[in-house]
Amino acid sequence: MYANADREWTDRIAVQALQQIRHLDLALNPQSFDLWFAYFAGRNRALIDALNQLLAGNRKPTWPDMAQLHEQFLTPYKTAAQIQSIGTLVRDQSSTLVDAIEEASDAAQGYEQRLSNAAPQLAIEQVDGGLRRLVGELMAWTDEIQSTNTQLVGRLRGAAERVRDLQEQLDQVRLESMIDPLTDVGNRRYFDLSLARLLMAGQQAQPLALLLIDVDNFKMFNDRHGHIIGDDILRLTASTIKQNSRQDDIVCRYGGDEFAIILPRTSLEGALLHGEKIQTAIAAREMHRRSTRESLGRLVLSIGAAEYRPDEPAEAFIERADHWMYAAKQAGRDRVSREGAQLHYRGSDGKIELIWHHSYACGEVMIDRQHRELFDIANVILSAHVETLEIAQVVDMVEILITHVTEHFSYEESVLEAIGYDRLEAHRIEHERLLSRSRQLKEAVADGETTLRELREFLVNGVVVAHLLKEDRRFFPLLEGLKSQEDAEPSS
């Protein structure tokens, strides 16, 4: 499962697994190591939840606990891989056997035909009695061999048919182990194996994209109309995705109400177009109750898109698509989200937090540090705690943010002037506009003329998203090569 991960990543996860085994005083065996490696790798959510629940208990985990969890959560993945591998070998070997059987059958039949043709020529009347007797014996032997060969050919052809049947049965079993029974698309195992196969086969030499899809209002449908309607929704979503995908696109149910599409030979832009096509198709499908034809509304999807980066671990590739899928949900749902298009979000129960991501770094250490500080201050203003404060306290917090923004803009302009940025004047004018608008909103909040929500939206969308993460990116190429090691590493 982890053969395609980079060495540094696997080493780090392996150390964590060994430390946990020692900490819990468990036997160091392949099953324990495999279990904790999967836990710290962070991919198997069901396994992580089960281990967390076990660790939260009042007793110390034991080896039988580890063995049971390994059998429950990890063995199916290995079994699927073994079926895939062994099935391929059996198919190759059986194909060779079938070819040999047919070749032997053809040879036997050819010999019979040649012998039968030669026999009459030997049976001439002019030869003496001894030769005539020999020819007679040869003819008898020929008849016997012909009868035996006829039976053998029949048996060989029957065996060949049985081998073909076994091949088909094996293919069917292998297919069923990789198919989600509810939606009739690939399951999570099929997704993992397919992605690993593409990366190990060197497909990263060509564009490779990934879409992660979430049915936004699935829980509402499920709670309001029941699980039968919920299952219908998942089947409808899966069939719509399949109908609007290419033949070699790999469509899978990723888990719950999430789907994934692996897109070979597809760039990020192509993936975005594909996601928009699926959204349009799903939006046109109105749900109805079968018994009464009552309208149940329409489905809404949030889609995250990412393009594979050379030598990137599969886990990081999936995480980026998942990150943007969640960003699409937080940005208003019913949209496709991609790298560089908007901000990373983390949210629950309506609360939003801005998350710094290594891709936001420009390479100039002070600018990146100031950007991170602005993220931190903006998150304070976005927190639910601020809503309980007095207006004067909120205004003071906003003033702190404006002061930091002012200092940041001044330093940034000095750097851009030093490197000869040709858009410096326009950039400086934009800085002045943002600061002026920030002060206006601060005063309007203090006077009760506008809401805290409007101020927050401006800080997030106007200052952070539109400027720091879009306008500022225009000068990023001029600062290439300045990235520090800290900024080059992904944030946790």
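Quick caveat, the model's predicted, so the values are computed rather than measured. (Residues numbered from 1 in each chain as written. Predicted model: local features only at pLDDT ≥ 70, side-chain atom pairs only at ≥ 80, totals over all residues. Heavy atoms only, no water.)

K.L.:
Give a detailed account of the overall build of the protein chain, specifying residues and quantitative values.
P.N.:
Assigned secondary structure in the protein chain consists of 15 helices and 9 strands. For the protein chain, with 492 residues in total, the buried portion stands at 44%. By sequence separation, contacts in the protein chain at least 24 residues apart represent 65% of the contacts at least 6 residues apart. Of the roughly 26,700 Å² of accessible surface on the protein chain, 52% is carried by carbon and sulfur atoms. (Helix = DSSP H or I, 4+ residues; strand = E, 2+ residues; numbered from the N terminus. Buried < 20%, exposed > 50% of the residue type's maximum accessible area, 1.4 Å probe, protein only. Contact = heavy atoms within 4.5 Å. Areas by Shrake-Rupley, 256 points an atom, 1.4 Å probe, with all protein chains shown as cover.)

K.L.:
Describe the nonpolar core, listing the residues and the values that go with them.
P.N.:
If you look at the biggest cluster of nonpolar residues, it comprises 30 residues, and the most contacted ones within it are Leu 354, Leu 401, Leu 455 and Leu 459. Counting only elements with at least two residues in this core, the list comes to α11 (365-382), α12 (391-418), α13 (424-446) and α14 (452-471). Apart from the residues lying within four places of it in its own chain, the contact partners of Leu 459 are Ile 381, Leu 401 and Val 464. In terms of nonpolar packing, the next biggest core, distinct from the first, is built from 28 residues, Ile 213, Ala 238, Phe 259 and Ile 282 among them. (Core = buried A, V, L, I, M, F, W, Y, C linked by side-chain atoms within 4.5 Å.)

K.L.:
Any chance you could break down helix α2 (residues 30-41) for me, citing the residues and the numbers?
P.N.:
Its 12 residues give α2 an end-to-end C-alpha distance of 16 Å, which sits within 8% of 16 Å, the value for a rise of 1.5 Å per residue. For α2, every residue scored as buried is listed here: Ser 32, Asp 34, Leu 35, Trp 36, Phe 37, Ala 38, Tyr 39 and Ala 41. Just downstream of α2 lies Gly 42, where phi reads positive at about 80 degrees. (Expected span 1.5 Å × (residues − 1).)

K.L.:
Quick rundown of the pattern of salt bridges? Include the residues and the values.
P.N.:
Using the criterion set out here, one finds 13 salt bridges in the structure. The partner of Asp 65 in a salt bridge is Arg 59, with the nearest N and O atoms 2.8 Å apart. Here Arg 59 falls in the partly exposed class, since its relative accessible area comes to 49%. Across the salt bridge formed by Arg 428 and Glu 413, the nearest N and O atoms sit 3.4 Å from each other. Note that Arg 428 is positioned in helix α13 and Glu 413 in helix α12, a separation of 15 residues in sequence. The partly exposed category is assigned to Arg 428, whose relative accessible area is 22%. (Salt bridge = Lys/Arg side-chain N within 4 Å of Asp/Glu carboxyl O.)

K.L.:
I'd like a description of the packing of helix α8 (residues 227-243) against helix α9 (residues 268-283), backed by residues and values.
P.N.:
The axes of two packed helices give the description: the angle between them and the distance between them. Contact geometry for α8 and α9: axes closest at 10 Å, N-to-C directions at 135 degrees. Judged by the inter-axis angle, α8 sits oblique to α9. Considering only the axes of α8 and α9, their crossing is right-handed. Along its contact with α8, which presents Leu 236, Thr 237, Thr 240 and Ile 241, the element α9 presents Ile 278, Ala 281 and Ile 282. Residues of the contact of α8 with α9, tallied by class, amount to 5 nonpolar, 2 polar and no charged. (Axes fitted to C-alpha atoms, helices over the stretch in contact; angles between N-to-C directions. Parallel < 35°, antiparallel > 145°, perpendicular 65-115°, else oblique. Left-handed = near helix turned anticlockwise from the far one by under 90°. Nonpolar A, V, L, I, M, F, W, Y, C, P; charged D, E, K, R; others polar.)

K.L.:
Please provide a residue-by-residue account of empty space enclosed by the protein, values included.
P.N.:
The final tally for this structure, using the stated rule, is 3 cavities of 30 Å³ or more. Estimated volume of the largest cavity: approximately 50 Å³. Lining of the largest cavity is provided by Leu 374, Ala 378, Leu 401, Val 405, Leu 459, Val 463, Val 464 and Leu 468. Looking at the lining of the largest cavity, the elements with two or more residues in it are α11, α12 and α14. Classifying every residue of the lining of the largest cavity gives 8 nonpolar, no polar and no charged. (1 Å grid on protein atoms, 1.4 Å probe; cavity = no way out; pocket = protein on both sides within 12 Å on 5 of 7 lines; lining within 4 Å. Points joined across faces, edges and corners; volume = space filled by probe spheres on them.)

K.L.:
So, the pairing of strand β6 (residues 301-307): which residues are in play, and what are the values?
P.N.:
Burial within β6 is extensive, with 6 of its 7 residues counted as buried. Where strand β1 (residues 208-215) and β6 come together, 7 bridges link them in antiparallel fashion. Note that in β6 the partner of Leu 212 across the bridge is Gly 304. (Pairing = 2+ DSSP bridges.)

K.L.:
Explain the confidence of the model for the protein chain to me, and be specific about the residues and the numbers.
P.N.:
When pLDDT is averaged along the protein chain, the result is 75, and 69% of the positions lie at 70 or above. Confidence, expressed as mean pLDDT per element, reaches its minimum in the protein chain at helix α15 (residues 485-488) with 39 and its maximum at strand β3 (residues 258-264) with 95. Taken as a whole, residues 332-350 scores under 50 in pLDDT and shows 82 contacts with residues more than four places along the chain or in a different chain. (pLDDT = per-residue confidence, 0-100.)

K.L.:
Give me the packing of helix α7 (residues 218-225) against α8: which residues, what numbers.
P.N.:
Packing of α7 against α8 leaves a shortest axis separation of 7 Å and a crossing angle of 150 degrees. The residues of α8 that touch α7, namely those facing Phe 218, Phe 221, Asn 222 and His 225, are His 227, Ile 229, Gly 230, Ile 233 and Leu 234. Residue composition of the contact of α7 with α8, by class: 5 nonpolar, 4 polar and no charged.

K.L.:
Outline the environment of Thr 240, supporting the account with residue identities and numerical values.
P.N.:
Relative to the helices and strands, Thr 240 resides in helix α8. Among the residues examined, Thr 240 registers a relative accessible area of 1% and is labelled buried. The spacing of Thr 240 and Ala 281 is 41 residues in sequence and 6.9 Å in space, taken between C-alpha atoms. Of note is the side chain of Thr 240, whose polar atom sits 2.8 Å from the backbone oxygen of Leu 236. (Polar contact = N/O pair within 3.5 Å; in protein donor to acceptor, adjacent residues only side chain to side chain.)

K.L.:
Account for unusual backbone geometry, naming residues and giving values.
P.N.:
Backbone geometry follows two general trends: most residues other than glycine have a negative phi, and most peptide bonds adopt the trans configuration. Even without being glycine, Asp 25 reaches a positive phi, approximately 55 degrees. Inspection of the secondary structure puts Asp 25 in the loop between α1 (7-23) and α2. In this structure, Asp 184 is a non-glycine residue whose phi angle is positive, near 65 degrees. Residue placement: Asp 184 occurs in the loop between α5 (129-177) and α6 (188-200).

K.L.:
I'd like a description of the side chain of His 431, backed by residues and values.
P.N.:
Locating His 431 in the fold gives a position in helix α13. Assessed through its relative accessible area of 1%, His 431 is described here as buried. When near neighbours in sequence (up to four residues on either side) are disregarded, His 431 contacts Phe 409, Glu 412, Glu 413 and His 467.

K.L.:
Help me get a handle on the packing of aromatic side chains, residues and values and all.
P.N.:
Within a pair of aromatic rings, the relevant descriptors are the distance that separates the centres and the angle that separates the planes. Tallied over the full model, the rule gives 8 aromatic pairs. Pairing Tyr 308 with Phe 317 gives two aromatic rings, centres 5.3 Å apart and planes at 80 degrees, and the pair type is edge-to-face. Ring pairs connect the aromatic residues Trp 36, Tyr 39 and Phe 40, which therefore count as one cluster. Note that Arg 188 overlies the ring of Tyr 254, its terminal NZ or CZ placed 4.0 Å from the centroid. (Phe/Tyr/Trp six-rings, centres within 6.5 Å; stacked < 30°, edge-to-face > 60°. Lys NZ or Arg CZ within 6 Å of the ring centre and 35° of its normal.)

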